[in-house]
Amino acid sequence: MKKIITILDYGSGNILSAKQSFSKVIKTNDLDAEVNISGNPEIIKKSSHVVLPGQGAFETCINGLRNTPGMLEAINKFALEEKKPFFGICVGMQLFADNSEENGNHKGLGWISGTIKKLPSKKLKMPHMGWNTIKVLNKNIKIKPKENDYYFVHSYYFDCKNKENIIAETNYGIYFPSIINKENIYGLQFHPEKSSEQGLGIIKSFLEL
């Protein structure tokens, strides 16, 4: 059965670069799949996989979701009820949290328990930008990340309440979760679409779910 991947369009995120990377993985691996960009709840319902990109401030992104008609209802049904593969990138991953402390206190989706907190900035440049290594803590996950360098751009991190949700971590002043997971929901703090072949490898394993 052909897989339909939808990258959510809600006014935030590197949507075009994400689409190009997913399209490249599909073409290179000759997968029976197509990828599209949409904020239409009807398209989400027909999808097999959904990707939530994110760029900028948490508040702007969560409000973008809330202000897109039917979006929250559609993704909650897709991820929580139907339990189809769902993939969050950067701030898209952070939106899974209960709340964020970025510029105030803002409620998140509440899919994975935790709080978005600011990285400690003593003697370190902010944002955390560039290539950094991940350490895989749970190798039983269905996506198979390599312990390699990936491309990060962020000043806040996901402080997970339940450590079993942390699949991989990275050090920048502190150890923070760089990959999180709960059942069918996967989140990456880094940008797989900017992370060379190892990033494309994670995208491939997600599409194979």
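Here the structure is a predicted model, which means the values were calculated and not measured.

Rules behind the numbers
Residues numbered from 1 in each chain as written. Predicted model: local features only at pLDDT ≥ 70, side-chain atom pairs only at ≥ 80, totals over all residues. Heavy atoms only, no water. Disulfide = S-S within 2.5 Å. Buried < 20%, exposed > 50% of the residue type's maximum accessible area, 1.4 Å probe, protein only. Helix = DSSP H or I, 4+ residues; strand = E, 2+ residues; numbered from the N terminus. Salt bridge = Lys/Arg side-chain N within 4 Å of Asp/Glu carboxyl O. Pairing = 2+ DSSP bridges. Contact = heavy atoms within 4.5 Å. Axes fitted to C-alpha atoms, helices over the stretch in contact; angles between N-to-C directions.

1. Structural notes on the state of the cysteines
Link 1 in the chain: For the structure on display, the rule yields 0 disulfides.
Link 2 in the chain: Lacking any disulfide linkage, cysteine 90 is separated from the closest cysteine sulfur, that of cysteine 61, by 8.6 Å.
Link 3 in the chain: The class for cysteine 90 is buried, based on a relative accessible area of 3%.
Link 4 in the chain: No disulfide involves cysteine 160; its nearest neighbouring cysteine sulfur is the one of cysteine 90, lying 15 Å away.

2. Points about unusual backbone geometry
Link 1 in the chain: Following methionine 126, the chain continues into proline 127 via a peptide bond in cis, with omega recorded as 5 degrees.
Link 2 in the chain: Following the sequence through the fold, proline 127 ends up in the loop between strand E7 (114-118) and strand E8 (128-133).
Link 3 in the chain: One non-glycine residue, lysine 83, lies in the positive phi region at around 55 degrees.
Link 4 in the chain: As for its position among the elements, lysine 83 is in the loop between helix H4 (71-81) and strand E4 (86-89).

3. As for the pattern of salt bridges
Link 1 in the chain: Here the structure, examined in full by the defined rule, presents 6 salt bridges.
Link 2 in the chain: In this structure, the salt-bridge partner of lysine 84 is glutamate 82, at a minimum N-O distance of 3.5 Å.
Link 3 in the chain: When its relative accessible area of 24% is taken as the criterion, lysine 84 is described as partly exposed.
Link 4 in the chain: Residue class for glutamate 82 comes out partly exposed when judged on its relative accessible area of 37%.
Link 5 in the chain: Across the salt bridge formed by glutamate 208 and lysine 204, the nearest N and O atoms sit 2.6 Å from each other.
Link 6 in the chain: Residue classification places glutamate 208 among the partly exposed residues on the basis of a relative accessible area of 44%.

4. Overview of the sheet that holds strand E6 (residues 106-107)
Link 1 in the chain: Strand order in the open sheet formed by 4 strands is E6-E5-E7-E11, with mixed pairing between adjacent strands. Strand pairing shows two members of the sheet lacking a second neighbour, E6 and strand E11 (156-160), which therefore form its edges.
Link 2 in the chain: Across 5 bridges, E7 lies against E11 in antiparallel orientation. Across the sheet, residue lysine 118 finds its bridge partner in E11, namely tyrosine 156.

5. What about the sheet that holds strand E2 (residues 33-38)?
Link 1 in the chain: Overall, mixed pairing links the 8 strands, which are arranged E2-E1-E3-E4-E14-E13-E12-E9 in an open sheet. With partners counted over all chains shown, the strands left at the sheet margins are E2 and strand E9 (135-136), one partner each.
Link 2 in the chain: Pairing of strand E3 (residues 49-52) with E4 involves 3 bridges; the strand directions are parallel. Across the sheet, leucine 52 pairs through a bridge with glycine 88, a residue of E4.
Link 3 in the chain: Against the sheet, H4 touches strand E1 (3-8), E3, E4 and strand E14 (185-188), its axis set at about 120 degrees to E4.

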